[in-house]
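Structural features, examined
So the chains spell out like this:
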Amino acid sequence: RHKMARELILVIDTSGSMHGLPETVAKAVVLQALRTAQSEKRRCYALAYSGPGQVLEHELSLTAEGIAPLLAFLGQSFHGGTDIGAVHRVMELLEREDWRKADVLLATDGQWVADAALQSRIAATQAGGTRFHGIQIGVSGASGLTPICDHIHTFSEWASMLGRGAAN
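Here goes a summary of the coordinates provided.

Conventions used here
Residues numbered from 1 in each chain as written. Predicted model: local features only at pLDDT ≥ 70, side-chain atom pairs only at ≥ 80, totals over all residues. Heavy atoms only, no water. Core = buried A, V, L, I, M, F, W, Y, C linked by side-chain atoms within 4.5 Å. Buried < 20%, exposed > 50% of the residue type's maximum accessible area, 1.4 Å probe, protein only. Helix = DSSP H or I, 4+ residues; strand = E, 2+ residues; numbered from the N terminus. Contact = heavy atoms within 4.5 Å. Arc of directions from axis to C-beta. Salt bridge = Lys/Arg side-chain N within 4 Å of Asp/Glu carboxyl O.

A word on the nonpolar core. Ranked by internal contacts, the top residues of the largest apolar core, which has 24 residues, are I9, V11, L94, V104, L106 and F132. Contributing elements (two or more residues each) for this core: β1 (8-13), β2 (44-49), α3 (85-94), β4 (103-108) and α4 (116-127). The element contributing the most residues to this core is α3, with six residues. Beyond its immediate stretch of four places on either side in the chain, V104 contacts I9, V11, V90, L94, T130, R131, F132 and H133. In this structure, A37, C44, A107 and I137 belong to the second largest nonpolar core, which totals 21 residues.

Pasting the structure below:
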């Protein structure tokens, strides 16, 4: 069963390794995904995470009244360690009927590892039609996104973002 307007779950890594430009890029990518979701009339749920127990959640309302809470959500950060408890929370959401067929977008530097049990759980949802997209912010070798995402889009053009290298 394919729905025209699938729900969208957005996950933003706000750990210490994402502090500064990487986190800004992740939030900009998520904001653009939200704009696209609004034009496609897709419901959106966002999570921001860092270390153990550090997960913020917000069901987004893409209305005039929803702009202030959205900006407040995007303005929050943890800058702690990295714990992918947010991905476990995504799995809980995907068990709910209203989010069962959502697409998932993870914006992170991928400096974490999903254990075998979580990878298996994700694979089962993918077999049911859920798509996991990763936005790899920067290049750091092996990524936690690799074993769990259907597609990984890499953003590593730091020089152009910092205004360097333009005079080549």
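Attention shifts here to α3. All of the buried residues along α3 are A86, V87, V90, M91, L93 and L94. Buried residues of α3 fall within an arc of 160° about the axis and therefore sit on the same side. Looking at the buried positions of α3, the neighbouring elements they touch are β1, β2, β3 (55-60), β4, α4 and β5 (132-137).

Looking now at the pattern of salt bridges. By the definition in use, this model includes twelve salt bridges. With a closest N to O distance of 3.6 Å, D98 and R43 form a salt bridge. Here D98, found in the loop between α3 and β4, pairs with R43, found in the loop between α1 (21-39) and β2; they are 55 residues apart in sequence, far enough to count as distant. On the basis of relative accessible area, R43 is assigned to the partly exposed category, the value being 33%. Put simply, R100 and E97 hold a salt bridge, and the shortest N to O gap is 3.2 Å. By relative accessible area, R100 is classed as partly exposed at 37%. Bridged by salt links that share partners, the residues R6, E40, R42, D103 and R131 form one connected network.

Shape is all these values report; function is a separate question.
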